[in-house]
Amino acid sequence: MLEKTGVASEEQVAKSFPSMERLEKGPVAVIECFQRIPCNPCATSCKRGAIAPFVDINDLPNLNDQKCNGCSLCVFNCPGLAIMVVDYTYSETQVSFKIPYEFLPLPIEGSVVTGLDRNGDGICNCHVLKVTNSKIMDRTPLVTVAVDKKHLMTFRNIKVVQDGR
Ligand code: SF4
Ligand code: SF4
């Protein structure tokens, strides 16, 4: 499916997610990187050794989610926008997602934006909690949003709606 549509299958997404036991311990990276390409900044940027060093530059990332504390360094550094940090402990009813966001304008903190699934279809409204726009070149802005927990496995991106700008 990924090869034909560019969209990860449910099985691929499910395999990328940590167990509920790990999710309930706090923020953790979710890496949706499924194609062997010569790329490794995720592993080299992780200071906790949570992403195993690549033996071959084409390796797929291998995350030890017990070592990951959700610091987001790998999200900043992934050129494929393949990583997000999920915090299932954000609130009783909502999960926070920290996602890479390369479009302009960036959303405004406190605004409401449209949450999208992996097909780019709108699935919910979500509140923008934080926008981190590092001035360091080559670093992707990160947007943190709060999303209803029922969208844990389907939320993937945002679209800035008119009154969110
Ligand atoms: S979020 Fe931080 S600790 Fe977790 S894999 Fe990425 S860089 Fe490593
Ligand atoms: S940096 Fe991103 S695209 Fe590159 S291997 Fe790691 S997860 Fe995949």
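Just so it is clear, the model here is predicted, and its values are computed rather than measured.

1. Considering unusual backbone geometry
Point 1. A cis amide bond, omega 0 degrees, links L104 with the succeeding residue P105.
Point 2. With respect to the secondary-structure elements, P105 resides in the loop between β3 (94-100) and β4 (112-116).
Point 3. One non-glycine residue, L81, lies in positive phi territory at about 50 degrees.
Point 4. On the accessibility criterion, L81 (27% relative accessible area) is partly exposed.

2. A word on the side chain of R22
Point 1. When you line up the elements, R22 lands in helix α3 (residues 20-23).
Point 2. A distance of 2.9 Å separates a polar atom in the side chain of R22 from the backbone oxygen of C68.
Point 3. Sequence-distant contacts of R22, defined by excluding residues within four places in its chain, comprise P27, V28, D65, Q66 and C68.

3. Points about the site of ligand 2
Point 1. Residues in close proximity to ligand 2 include I31, C33, C39, P41, C42, P61, C78, P79 and I83, which together make up its full environment.
Point 2. Grouping the amino acids of the shell around ligand 2 by side-chain chemistry returns nine nonpolar, no polar and no charged.

4. Re the environment of K47
Point 1. Relative to the helices and strands, K47 is located in the loop between α4 (41-45) and α5 (73-77).
Point 2. Its relative accessible area of 73% is what places K47 among the exposed residues.
Point 3. The spatial distance from the C-alpha of K47 to the C-alpha of P100 is 19 Å, given a sequence separation of 53 residues.

5. As for the sheet that holds β4
Point 1. Reading across from one edge, β1-β2-β3-β6-β5-β4-β7 is the order of the seven strands in this open sheet, with antiparallel pairing throughout. Strands with a single pairing partner mark the edges of an open sheet, and in this sheet they are β1 (28-31) and β7 (157-159). When the angles between neighbouring strand axes are averaged without regard to direction, this sheet yields 40 degrees.
Point 2. Pairing analysis gives four bridges linking β1 to strand β2 (residues 83-87), with the strands arranged antiparallel. Following the sheet pairing, A29 is matched in β2 by V85.

6. Let's talk about the side chain of K149
Point 1. Along the polypeptide, K149 turns up in the loop between β6 (142-148) and β7.
Point 2. No salt bridge forms around the buried K149; measuring N to O, its nearest opposite-charge neighbour E92 is 6.1 Å away.
Point 3. Those residues in contact with K149 that lie beyond four places of it in its chain are Y88, S91, E92, T93, Q94 and V95.

7. Looking at the pattern of salt bridges
Point 1. Scanning all chains against the criterion turns up three salt bridges.
Point 2. A salt bridge links D59 to R36, with the shortest nitrogen-to-oxygen separation between them at 3.9 Å. Remark: R36 occurs in the loop between β1 and α4 and D59 occurs in the loop between α4 and α5; sequence separation between them is 23 residues.
Point 3. The class for D59 is partly exposed, based on a relative accessible area of 22%.

Thresholds, definitions, all that
- Residues numbered from 1 in each chain as written.
- Chains lettered and ligands numbered in written order.
- Predicted model: local features only at pLDDT ≥ 70, side-chain atom pairs only at ≥ 80, totals over all residues.
- Heavy atoms only, no water.
- Helix = DSSP H or I, 4+ residues; strand = E, 2+ residues; numbered from the N terminus.
- Buried < 20%, exposed > 50% of the residue type's maximum accessible area, 1.4 Å probe, protein only.
- Polar contact = N/O pair within 3.5 Å; in protein donor to acceptor, adjacent residues only side chain to side chain.
- Contact = heavy atoms within 4.5 Å.
- Near = heavy atom within 4 Å.
- Nonpolar A, V, L, I, M, F, W, Y, C, P; charged D, E, K, R; others polar.
- Pairing = 2+ DSSP bridges.
- Axes fitted to C-alpha atoms, helices over the stretch in contact; angles between N-to-C directions.
- Lys, Arg positive; Asp, Glu negative; His and termini not counted.
- Salt bridge = Lys/Arg side-chain N within 4 Å of Asp/Glu carboxyl O.

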